[in-house]
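Structural description and commentary
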Amino acid sequence: MLAERAVERIPSLALSPGKIVGLEGPAGWGLTRLGLSLLAAPSQVGTVVTIDARGGWLSPLAAWEVGVKPGRLVMVRCADRRLWGQVTAAILEGVAAVYAEVPAGVGEHELRRLAALTRARKVGLALRPLRGQLPAGITHLRIYGRGVSWEGADQGHGRLLERRLALEVSGKSLPWQAFDLGA
Amino acid sequence: MRTLCVWFPEWPLMVLDGTGPGYVYEEGHAAGGETQRVAAVNAQASKLGVAKGMGRRAAEALCPIAESKPRDFGIETRLFEPMLIALEDLIPRVEVVEPGLVLVAVEGALRYYGGEDVLVAKVESIAGPKARIGSADGPFAARWAAITAAEGSQVIDNDIAFLASLDISAVGREEMIDTFRWLGLNTLGALAGLPREAVASRFGDEGLWAHHLASGEDRSINPRTIPPHLAVEAHYDDPLENLDQVAFSARALSARLMNGLRKEGLAPYRVEIEAESGMGKVRTRVWRSTDPFLEPTLTERVWWQLRAWIEQEGVAGGLVRLRLDPSDLSGAGRQLALLEAVGEGWEGYDSTRPEAERALARAQALVGPDAVLQAGRQGGRMPAEQVRWFRFGEEPGQLERDLEAPWPGATPGPAPSLVPPQPTPIDIEWDEGMPTRIRLGSRWEPVLNWAGPWRLLGRWWRGEGAGDRYQIVTSAGAFLIVTDGERSFLAAIYD
C-alpha cells in the first residue's frame, strides 16, 4: 500500500528515537494511515502507542495492515485537551514510539514541553493536529497533505484499490519538497 | 592496573566543514541560563575569544563569522572508528569513553613492547600530534594525565602525588565541589587528607567515591565478578538493514540489559557491544564510562557504534545478532539508589515492557482503564466488527465472531484507518440509485466515483434491518457508507 511506499520514498520519513514528525491536513487525505505506518518499524522491538483524540475513531485494522505488530500496539483514547498533555507525557516516559492526534486547543507551550520530553526520552513521536498547524520548530519533519485520489472504484464496479497522495514535505536539513506518490 | 588514555581534545571539531574559525556546541547549562554551550573550539575562534563552556549566544556575539554546528556523536563515532582500529592493531581491548577519548589497560602491552616509553612512542606515532596521551595506574589518573599533558604525553609514576596537586573540580560533581571549596578543600590532595569515615559521614556515597578517586584508588579496588547470565543477546530472523530498525533494536536490547542489572542492584562501567552480520562477520567494541552506565547513556553508545559500523563499511547481509556484555560491574555507590521495583514482565512481550507498563498505568490512572486499550482481530463483515477491544493489562476474552469463518460479503478493499464507534448519520444525495453528492460538515462534496453496493443482511432476530454498503470517493477522501434506503450512515473513513 501507498503508506509503506511513502515511507520508502520520502527521505527522512521515519520515526527515529527522539525525533518528531508532524502530519498536517484534513481527515481523508491519507495522513492517518501514513502516520500509523511510521509505527511499524518501532513496533518490531518495542511498545508503540496511538493517542486517539477523536473519541474512539482510530482503528487498529489499518495499523495492522501497514505492519504494526498487534501485540505491541496500545491505543489510548483522550479527547479532553486539558488531560491530553499529561497523558501524552506519561506515555512518552516509557514506550518506543507514539502516534498522537492533537486535539484543538492544546497550547504551544505544552507541545514544546512534550517535544523536549520526546528528545530526552528518545521516543519516536508522530503528531497529527486535528485542527490548525503545529508550532514552528518542534518537528524534525513536517508533512502536509495536499490531496488524495483513489483508484479501483468505477461507477459502482470494482472496489477501492490504491490511492495517490499529494504531499509537501519540509524539515530540518531538508528543503521543502512536493511529492506525488501512488501506484 | 596500568592504564593508558588517548585523548583528542579537538575531535568534536571534526564535524566542521570550513577551515576558518569555528566551534561545536552541545546541550548543557551555561552562564546566563543558556541551554547550549560551546563544547569545543578551534584555534582561530579561540583567538577571537570563544572558549569552551561558554554559552552559544555569547560565542555568536564574540565571533559572528565563525562556523558553528551542534555536536554530533554519531558522525564523531564513525570518523573515530579507523583510529580505533589502528590503535587496536597495537594494543587489544581498547575501550571507548566517547569519540575522541579511549582508555586501554596496558599491562600485557608493556611486557610485549618492552617498556612504557616504547609503547607511548608507538601510540603517538599512530595518534598524531593532536592527541594527548596519559599513562597512570588507574583510569582516572590516566585521563587527567592526558588532560594536563601540555602537549604529547605525560607518564605518571606516582598517582597519589599527581592527583594531590589537581584542583578539586576534577571530581566533577558540581554540587559537592562548591561545598568542598567552602570547607577550604581546593585540591584532591586536601580531600584525600581527610579521614574517609568523616567524608562518608558528611557526603554519603558520592563523597566516598570522590575520596577514593582523590586517593588514587579509583573504583577498581573492588572489582565485581561478572555473572554470565547478565549478558543479553538478540537474534533477528529478518536481518535488520535500515538504520531505524537498528536504532530501536539498540534501545530495546539496552533496556533489557539494564532491567536485568537493576534487579541485581548493579550498573556496568564497561559494556562490550558485539554485532554479527548476515555474512557471518562479527565485530566487537568495548565502551567505558567514568560513571556507571544508565539506560539512556548506554542506548546512545550502542546506537553510535552500530551506526558507525553501518555507515563506515556497511553490514553485509544485515544485522542478524546483537549482544551486549556488561563488565566491570559495580554494586556500590549511588547507582544503588537507582534500584526500583521492576515487574516480572509479561510473557510474549518485549523487553521494554516494565517501563511501558508503568507509563501506561499512569495513563490509565488519568483517563480510566476503558480508554487504554489493546485490540485483536476477529471475524466480521464491517470494519467495526472485525476488532475485539480489551483493556490494557487484561486478558483478551472470548471472540465474539469466529476469525476462521469465511465471512462472505465482508467489506472489501483496504482497511480504513478511522472507524466511528457508532455509525454516524450523514447526508447523501442520490440520483436513480447512484450517489451524487455527500455532505461533509457544512459543505456538499460531489461524488467522483463509487463502488458497491454490497448487500448487508442485518440480524433480523435482533431487530437489525438490511442495508447496502458503498465506497464513495470525493476530492476530500474516500468513505464507507451504509444506507438502509432511507437514511445513510458513515461507517469508516479511508484516511
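In this report, the structure presented in the accompanying data block is examined. Since we're looking at a predicted model, the values are computed, not measured.

**So, the interface of chain B and chain A**
Counting from both sides, the interface comprises 56 residues of chain B and, opposite them, 58 residues of chain A. Those elements that place two or more of their residues in the side of chain B that touches chain A are helix H11 (243-264), helix H12 (295-312), helix H13 (353-367), strand S13 (372-377), strand S19 (449-456), strand S20 (467-474) and strand S21 (477-483) of chain B. Considering each element in turn, the side of chain B that touches chain A owes the most residues, 10 residues, to H13(B). Its residues placed into classes, the side of chain B that touches chain A shows 33 nonpolar, 14 polar and 9 charged. In terms of strand pairing, strand S3 (residues 73-77) of chain A meets S13(B) through 2 bridges, oriented antiparallel. Note that in S13(B) the partner of Val76(A) across the bridge is Val372(B).

**Quick word on the packing of helix H3 (residues 73-90) of chain B against H12(B)**
Residue and element names in this part refer to chain B. Their axes nearest at 8 Å, the elements H3 and H12 cross at an angle of 55 degrees. Taken together, the axes of H3 and H12 are oblique relative to one another. Crossing hand, H3 versus H12: right-handed. Contacts between H3 and H12 involve Phe-73, Gly-74, Thr-77, Arg-78 and Glu-81 from the former and Glu-300, Trp-304, Gln-305, Arg-307, Ala-308, Glu-311 and Gln-312 from the latter. Among the residues making up the contact of H3 with H12, the classes are represented as 3 nonpolar, 4 polar and 5 charged.

**Considerations on the sheet that holds strand S15 (residues 424-426) of chain B**
In sheet architecture, strand pairing relies on hydrogen bonds along the backbone and comes in two forms, parallel and antiparallel. All names here are of chain B. If you trace the 5 strands from one edge of the open sheet to the other, you get S15-S22-S21-S20-S19, paired in antiparallel fashion. One side of each edge strand has no neighbouring strand; the edge strands of this open sheet are S15 and S19. Averaged over all pairs of adjacent strands, the angle between strand axes in this sheet comes to 35 degrees, irrespective of strand direction. In terms of strand pairing, S15 meets strand S22 (residues 488-493) through 3 bridges, oriented antiparallel. Paired with Pro-425 across the two strands is Phe-489, which belongs to S22.

Parameters and conventions
- Residues numbered from 1 in each chain as written.
- Chains lettered and ligands numbered in written order.
- Predicted model: local features only at pLDDT ≥ 70, side-chain atom pairs only at ≥ 80, totals over all residues.
- Contact = placed C-beta atoms within 7 Å.
- Helix = DSSP H or I, 4+ residues; strand = E, 2+ residues; numbered from the N terminus.
- Nonpolar A, V, L, I, M, F, W, Y, C, P; charged D, E, K, R; others polar.
- Pairing = 2+ DSSP bridges.
- Axes fitted to C-alpha atoms, helices over the stretch in contact; angles between N-to-C directions.
- Parallel < 35°, antiparallel > 145°, perpendicular 65-115°, else oblique.
- Left-handed = near helix turned anticlockwise from the far one by under 90°.

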